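# Chains, contacts and geometry: an overview
For reference, the chains in residue letters:
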Amino acid sequence: MARQIKSPDIEKNNFNIPYFSILGVLFIVILFTILWRPLNLDRTVYVPLTPQVETTVNDNSHSIDDDGIVEIVNGKAATVTESSDVPEDEIVKDELDDIVDDKDNSVQYTIVRGDTLHDILIRYNVNRNDIYQLTTKFKQLANLRIGQQISWTTDDNHNLQTFSWTISSNNIRIYEKSGDKFVESSETAEVVPQDIVIKGDIKTNFVADARKSGLTSNEIGIITRALQWRLDFRRLQVGDKFSVALTREMHGKNLSNSQLLGVRIKSGTKDYYAILADDGKYYDISGNSLSQSFFRYPLATKARVSSGFNPRRLHPVTGQIAPHNGVDFAVSRGTPVLSVGNGEVVIAKYSGSAGNYIAIRHGRQYMTTYMHLDKILVKPGQQVKQGDKIGLSGNTGRSTGPHLHFELHINNKPVNPLTASLPISEGLTGKSKKAFLSKVKSISSQLNF
Ligand SMILES: [Zn+2]
């Protein structure tokens, strides 16, 4: 049973490197260091060609050597990635963004598998300190269940005002801000659920017509998010129809929660459905997922990350925070760049520090950007599929070495594309599919026009 452990081969340790080789290596290293510094300083000072261009000292020494970027701030030879790959023009938001995402200071959310309260609130831009206060003081909030509803209100600066958690229809916990802390109370008053179906026609645009028919902003938001991968709501035409089945829980005269059971949108001859399953997610009437998957990398093969996502990166000269809103991949010029998901090209042009860059909108909540490209292979307005070759990587704009700068935005906020939680597209199978299909029968019959 006892196996003898082989003793390490002592002979192997008997190699003998002459001392002069070590000295030789040291000499080369020292020489290299002396020569490197001034070279480096030269490169970090950027003289703008035109005065209207950002006049900050450039710090874009993206891998002069390919050995990773030093982010020291104590002056001198610090090499840092570009201060900002911020393109000159803003990505235009549309009306849906304004109505659904921005102007709403109250959000209702249904818990789905894998959610944590912290992640949800971060995704919705809630003040981090408030999230910390709430989740550390009330540990019970870690017990959110799939299908439960939470809702919250914020002020215009994203500070959390009230947070409510519906444990069951007659047990609602409320957390209200007082000073900079939160106070818990619970409401056990009778909540009366009401099943309703709301129908309407498109006369102007979906948001306006849905509002007119009696849907709240929250409900409209749930619908547009559920169908974001299947349907471009801006393309709906006059005469298209929608039908929505909901359970609204009334607390006296106030709407405390609503659950979207199913929605059908008829656009021309096509029908789009989103039906709620027991896991809290929406599927089409055959039980197929309504979300789509993303690639982590916009490249066919894995590449070395030369500079990571860093929202608090310090500028080497000014000491100011100069966020690095994306990830840099060290790839040689001409490497094919792939779209990480299905979407629509919203920008494809040359733009200052970003160089040749592309922005793709995926559904309603997701956007990706690809910068410093050598070549752009798509046009604005073009629909792309996951894996489509959209460009070739390069070294354009403010970049001193070939690399690809890649960003992922969720709800218009940059997040770390290597760690962000991304939608998974898995359809229902087995028992849960069976249960779902029988639910579809009863709900879809209510969604007739
Ligand atoms: Zn970068």
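Residues numbered from 1 in each chain as written. Predicted model: local features only at pLDDT ≥ 70, side-chain atom pairs only at ≥ 80, totals over all residues. Heavy atoms only, no water.

Under the annotation held in an unreviewed UniProt entry, the protein chain carries the name Murein DD-endopeptidase and is attributed to Gilliamella bombicola. The UniProt entry for the protein chain carries this comment under Cofactor (unreviewed entry): "Zn(2+)". Under the UniProt heading Subcellular location (unreviewed entry), the note attached to the protein chain is "Cell envelope". (UniProt positions renumbered as here; feature names shortened; annotations may be inferred.)

Let us now look at the overall build of the protein chain. Across its full length, the protein chain holds 7 helices and 20 strands. For the protein chain, with 449 residues in total, the buried portion stands at 45%. Sequence separation of at least 24 residues holds for 64% of the intrachain contacts in the protein chain that already meet a minimum separation of 6. Here the protein chain has roughly 24000 Å² of accessible surface; of this, 54% comes from carbon and sulfur atoms. (Helix = DSSP H or I, 4+ residues; strand = E, 2+ residues; numbered from the N terminus. Buried < 20%, exposed > 50% of the residue type's maximum accessible area, 1.4 Å probe, protein only. Contact = heavy atoms within 4.5 Å. Areas by Shrake-Rupley, 256 points an atom, 1.4 Å probe, with all protein chains shown as cover.)

With 10 of 10 residues buried, helix α6 (residues 217–226) is to be regarded as a mostly interior element. Inspection of α6 places S217, N218, E219, I220, G221, I222, I223, T224, R225 and A226 among the buried residues, and these make up the whole buried set.

The next subject is the sheet that holds strand β4 (residues 171–178). Ordered in space as β1-β2-β3-β4-β5, the 5 strands form an open sheet in which the pairing is antiparallel. The open sheet has two edge strands with one neighbour each: β1 (106–110) and β5 (181–187). Direction aside, neighbouring strands of the sheet carry axes that sit 15° apart on average. Two elements, strand β3 (residues 160–168) and β4, share 6 bridges in a ladder whose sense is antiparallel. Bridge pairing in β4 links F163 to Y175. The strands touched by helix α4 (residues 128–137) are β3, β4 and β5; relative to β5, the strand with the most contacts, the crossing angle is about 55°. (Pairing = 2+ DSSP bridges. Axes fitted to C-alpha atoms, helices over the stretch in contact; angles between N-to-C directions.)

The phi dihedral of N125 is positive, around 65°, even though this residue is not glycine. Relative to the assigned elements, N125 resides in the loop between α3 (117–123) and α4. A positive phi angle, close to 65°, is found at H372, a residue other than glycine. Position of H372 relative to the elements: it lies in strand β16 (residues 366–376).

Among the secondary structure elements, N325 is positioned in the loop between β11 (304–307) and β12 (327–330). With 15 residues separating them in the primary sequence, N325 and N310 have C-alpha atoms 6.4 Å apart.

Turning our eyes to something else, we now look at the pairing of strand β9 (residues 270–276). Within β9, 5 of the 7 residues are buried, which leaves it mostly tucked inside the rest of the structure. In this structure, β9 lies alongside strand β10 (residues 282–283), joined through 2 bridges in antiparallel fashion. Bridge pairing in β10 links L276 to Y282. The hairpin formed by β9 and β10 contains 5 residues between the paired strands, and G280 there has a positive phi angle of roughly 85°.

A word on the packing of aromatic side chains. The geometry of an aromatic ring pair is captured by the separation of the ring centres together with the interplanar angle, meaning the angle of the planes. Under the criterion given, the structure shown has 12 aromatic pairs. Seen in terms of ring centroids, F206 and F233 are 4.8 Å apart; in terms of plane orientation they differ by 45°. Their pairing is tilted. Taken as a pair, F206 in helix α5 (residues 206–212) and F233 in the loop between α6 and β7 (241–251) lie far apart in primary sequence, 27 residues in all. Comparing F206 with F233, the two get one shared label, buried. (Phe/Tyr/Trp six-rings, centres within 6.5 Å; stacked < 30°, edge-to-face > 60°.)

A word on the pattern of salt bridges. Summed over all chains, the structure comprises 14 salt bridges. A salt bridge links K177 to D130; its shortest N-O distance comes to 2.8 Å. Of the two residues, K177 is situated in strand β4 and D130 in helix α4; the sequence distance between them amounts to 47 residues. On the accessibility criterion, K177 (24% relative accessible area) is partly exposed. The salt bridge partner of E344 is R235, with a shortest N-O separation of 3.8 Å. Of this pair, E344 sits in strand β14 (residues 343–351) while R235 sits in the loop between α6 and β7, and the two are 109 residues apart along the sequence. Each of D232, R234, R235 and E344 takes part in a single network of salt bridges with overlapping partners. (Salt bridge = Lys/Arg side-chain N within 4 Å of Asp/Glu carboxyl O.)

Moving on to helix α7 (residues 430–446). Between its first and last C-alpha atoms α7 spans 25 Å; for 17 residues at 1.5 Å apiece the expected length is 24 Å, and the two agree. Where α7 bends most, the angle comes to about 25°, and this point is V440. Of the positions making up α7, those classed as buried are F436, V440, I443 and S444. (Expected span 1.5 Å × (residues − 1). Bend = angle between axes of the 7 residues up to and from the residue.)

This part is about the pairing of β5. Looking at chain direction, β4 and β5 are connected through 7 bridges and run antiparallel. For S178, the partnering residue across the bridge sits in β5 and is K181. With antiparallel pairing between neighbouring strands as the criterion, β4 and β5 make up a hairpin whose turn holds 2 residues, including G179 at a positive phi of roughly 70°.

Time to look at the environment of A277. Structurally, the position occupied by A277 is in the loop between β9 and β10. A residue is classified by how much of its surface remains accessible, and A277, at 6% relative accessible area, is buried. Separated by 155 residues in sequence, A277 and S432 have C-alpha atoms that sit 8.3 Å apart. When residues no more than four places from it in sequence are discounted, the contact partners of A277 are Y283, L428, F436 and K439.

This part covers the environment of N157. Within the secondary structure layout, N157 lies in the loop between β2 (149–154) and β3. Counting along the chain gives 30 residues from N157 to N127, while the straight-line C-alpha distance between them is 8.0 Å.

Before going further, it helps to examine the confidence of the model for the protein chain. In the predicted model, the protein chain carries a mean pLDDT of 78, and 74% of its residues have values of at least 70. The secondary-structure element of the protein chain with the lowest mean pLDDT is helix α2 (residues 95–102), recorded at 46, while strand β18 (residues 389–393) shows the highest, at 97. Across residues 1–15, confidence stays below pLDDT 50; counting only partners more than four residues off in sequence or on other chains, it has 0 contacts. Counting contacts from residues 98–103, a segment whose pLDDT is below 50, to residues more than four positions away or on other chains yields 13 contacts. (pLDDT = per-residue confidence, 0-100.)

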